[in-house]
Each structure stands twice: as structure tokens, then as C-alpha cells.
Amino acid sequence: MAVSTIAGPAGTLHVDDGGEGRPPVVFLHAFSGNADHWTAQLAHQRKKRRAVAFDFRGHARSEMPTIEELTVDRMADDVASVHLSPSSIACTKRSRSRH
């Protein structure tokens, strides 16, 4: 496991990246969440593949952007900053809603 800080489009992002194998899986937390919500899932997935979780901009250990940069569309740019090709990843999200 490698916990690091990377340059995101609106400040630094906290990233927890580890494991080997394809396709990598990226875990996305809900609003007001953080990468730590995925600790058990990361440990399980890393036995057989690369698994990544990160704190979106303005959450937990990632830098707080300006209010204009704190939108869902802009947060999608954070996913791209982790340098994983969207055509080759499995993505899992957690939502505060029932959908």
C-alpha cells in the first residue's frame, strides 16, 4: 500500500493506492466521506488486483478548493488525476442516497 499526496486539478489529493493486477478498481466515497471508508474493501481487493481510494477535493486529507471548484463535474476531474484510464478500470461508489 502506498499512501501519497498527488497534485490534483484544484489542489492536492490524498491517495491510497496498492496491490497489483488488472483491471484496477477505484473506490469513490460519498459527499462528506473519505478514502478510509473503503479500508476493508481495499484490503480484500488488493489480494488479487490494484485497488485505489482517494479523498475528493475538499474532503478529509485533500486540499479545500474554492467554492467554485467544489462541484460534481469538477470532482470528476479528481478521478482522472489518479492517472487511471477510464476504459480499463472497475469503479465502485458509495452514495448517501438510496440510488
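Up top you'll find the structure we're talking about.
All values derive from a computational prediction rather than experimental measurement. (Residues numbered from 1 in each chain as written. Predicted model: local features only at pLDDT ≥ 70, side-chain atom pairs only at ≥ 80, totals over all residues. Heavy atoms only, no water.)

**Brief notes about the overall build of the chain**
Consideration 1: Looking only at helices and strands, the chain has 2 helices and 5 strands in total.
Consideration 2: Listing the helices and strands of the chain from first to last along the sequence gives β-β-β-α-β-α-β.
Consideration 3: For 99 residues, the compact-globule estimate of 2.2 N^0.38 gives 13 Å, and the chain sits close to it at 13 Å.
Consideration 4: Structurally, the chain occupies a C-alpha span of about 40 × 30 × 25 Å along its principal axes.
Consideration 5: Looking at the chain as a whole, 37% of its 99 residues are labelled buried.
Consideration 6: Of the accessible surface of the chain, which amounts to about 5,900 Å², a share of 54% is contributed by carbon and sulfur atoms. (Helix = DSSP H or I, 4+ residues; strand = E, 2+ residues; numbered from the N terminus. Rg over C-alpha atoms; globule rule 2.2 N^0.38 Å. Buried < 20%, exposed > 50% of the residue type's maximum accessible area, 1.4 Å probe, protein only. Areas by Shrake-Rupley, 256 points an atom, 1.4 Å probe, with all protein chains shown as cover.)

**Remarks on the pattern of salt bridges**
Consideration 1: As enumerated under the stated definition, the model contains 7 salt bridges in all.
Consideration 2: The salt bridge partner of arginine 50 is aspartate 17, with a shortest N-O separation of 2.6 Å. Of this pair, arginine 50 sits in the loop between helix 1 (39-45) and strand 4 (51-54) while aspartate 17 sits in strand 2 (residues 11-18), and the two are 33 residues apart along the sequence.
Consideration 3: When its relative accessible area of 23% is taken as the criterion, arginine 50 is described as partly exposed.
Consideration 4: Residues participating in the shared-partner salt-bridge network are Arg57, Glu69, Arg74 and Asp78. (Salt bridge = Lys/Arg side-chain N within 4 Å of Asp/Glu carboxyl O.)

**Some words on the nonpolar core**
Consideration 1: By size, the foremost hydrophobic cluster in this structure holds 9 residues: Val15, Val26, Leu28, Val52, Phe54, Phe56, Met75, Val82 and Leu84.
Consideration 2: When contributions to this core are tallied by element, the ones reaching two or more residues are strand 3 (25-28) and strand 4.
Consideration 3: Excluding residues within four positions of it along the chain, leucine 84 makes contact with Pro24, Val26, Arg50, Val52 and Ile89.
Consideration 4: Ranked by size, the runner-up nonpolar core spans 7 residues in total, among them Val25, Trp38, Leu42 and Ala51. (Core = buried A, V, L, I, M, F, W, Y, C linked by side-chain atoms within 4.5 Å. Contact = heavy atoms within 4.5 Å.)

**Structural notes on the side chain of serine 62**
Consideration 1: Mapped onto the fold, serine 62 is located in the loop between strand 4 and helix 2 (72-81).
Consideration 2: Setting aside its immediate chain neighbours within four residues, serine 62 contacts Thr12, Leu13, His14, Asp55, Phe56 and Arg57.

**A closer look at the pairing of strand 1 (residues 2-8)**
Consideration 1: Relative to strand 2, strand 1 runs antiparallel, the two being bridged by 7 bridges. For alanine 7, the partnering residue across the bridge sits in strand 2 and is threonine 12.
Consideration 2: Connecting strand 1 to the next strand, strand 2, in antiparallel fashion are 2 residues. (Pairing = 2+ DSSP bridges.)

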